Amino acid sequence: MTTGAQAAGSAHTAPHRGTGGPAGPEYRLRPPSEALDPRAVAWWRTQWLLAAAGPAASLALVGALVGPARVPLLTAAAAVTAAGLACAAAVPRWWYRVHRWEVTDDAVYARSGFFWQEWRVAPMSRIQTVDTVRGPLEQLFRLSTVTVTTASAKGAVHLRGLDRDTAAGLAERLTRITQETPGDAT
């Protein structure tokens, strides 16, 4: 729908007409009320650390084996490690403050992003499928992702970092609501 600065300026002024009733319900782009599970911070930190560990270890290994390039490669390994640690310390907390979600009887609301924040509203009448996904790290942290596929050119709405029981209940609720909601999901 709207991203970045546009979302901040139009959070309460950009209505979207749905498909219910004579004129359809009105969905306002607004901040969703639900926070992610706090374990999402540790999950994201682990992802950052793993993403930095591979390149840093590779640079350090090659630096240890190749004498003439030792100093530049070990310096690069140290820089990658420092950047990975800094990102792992700061970025997940920021993401936790930004990422929000909410499900009402009429729509799924989601806000995500880092520098470019995205606010999405998916009316129930437009939902096509609801899936839950748990990757290996998500399973370790007892988290799950709910993917709400809609008839939107923008693609699916992803609610990442949810408690696995919350995600399972949410998937069941969304399935029930969408079955009861008239619309063609196109």
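Residues numbered from 1 in each chain as written. Predicted model: local features only at pLDDT ≥ 70, side-chain atom pairs only at ≥ 80, totals over all residues. Heavy atoms only, no water.

## Side note on the pattern of salt bridges
Side-chain pairs of opposite charge can arise whenever the charged atoms involved come near each other.
Then comes step 1: Per the counting criterion, the structure on display carries four salt bridges.
Then comes step 2: For Asp105, the salt bridge identified is with Arg173, shortest N-O distance 3.6 Å. Taken together, the positions of Asp105 in the loop between strand E5 (100-103) and strand E6 (107-113) and Arg173 in helix H5 (residues 164-180) put the pair 68 residues apart, joining distant regions of the chain.
Then comes step 3: Taking relative accessible area as the criterion, Asp105 reaches 54% and is therefore assigned exposed.
Then comes step 4: Residue classification places Arg173 among the partly exposed positions, given a relative accessible area of 29%. (Salt bridge = Lys/Arg side-chain N within 4 Å of Asp/Glu carboxyl O. Helix = DSSP H or I, 4+ residues; strand = E, 2+ residues; numbered from the N terminus. Buried < 20%, exposed > 50% of the residue type's maximum accessible area, 1.4 Å probe, protein only.)

## Looking at helix H2 (residues 39-65)
Then comes step 1: For H2, built from 27 residues, the straight-helix expectation of 39 Å at 1.5 Å per residue is met to within 8% by its first-to-last C-alpha distance of 39 Å.
Then comes step 2: Considering bend angle alone, the principal kink of H2 is centred on Ala53 and spans about 25°; proline Pro55 follows within four residues of it.
Then comes step 3: Elements in contact with the buried residues of H2: helix H3 (70-98), helix H4 (136-140), strand E9 (143-150) and strand E10 (157-163). (Expected span 1.5 Å × (residues − 1). Bend = angle between axes of the 7 residues up to and from the residue. Contact = heavy atoms within 4.5 Å.)

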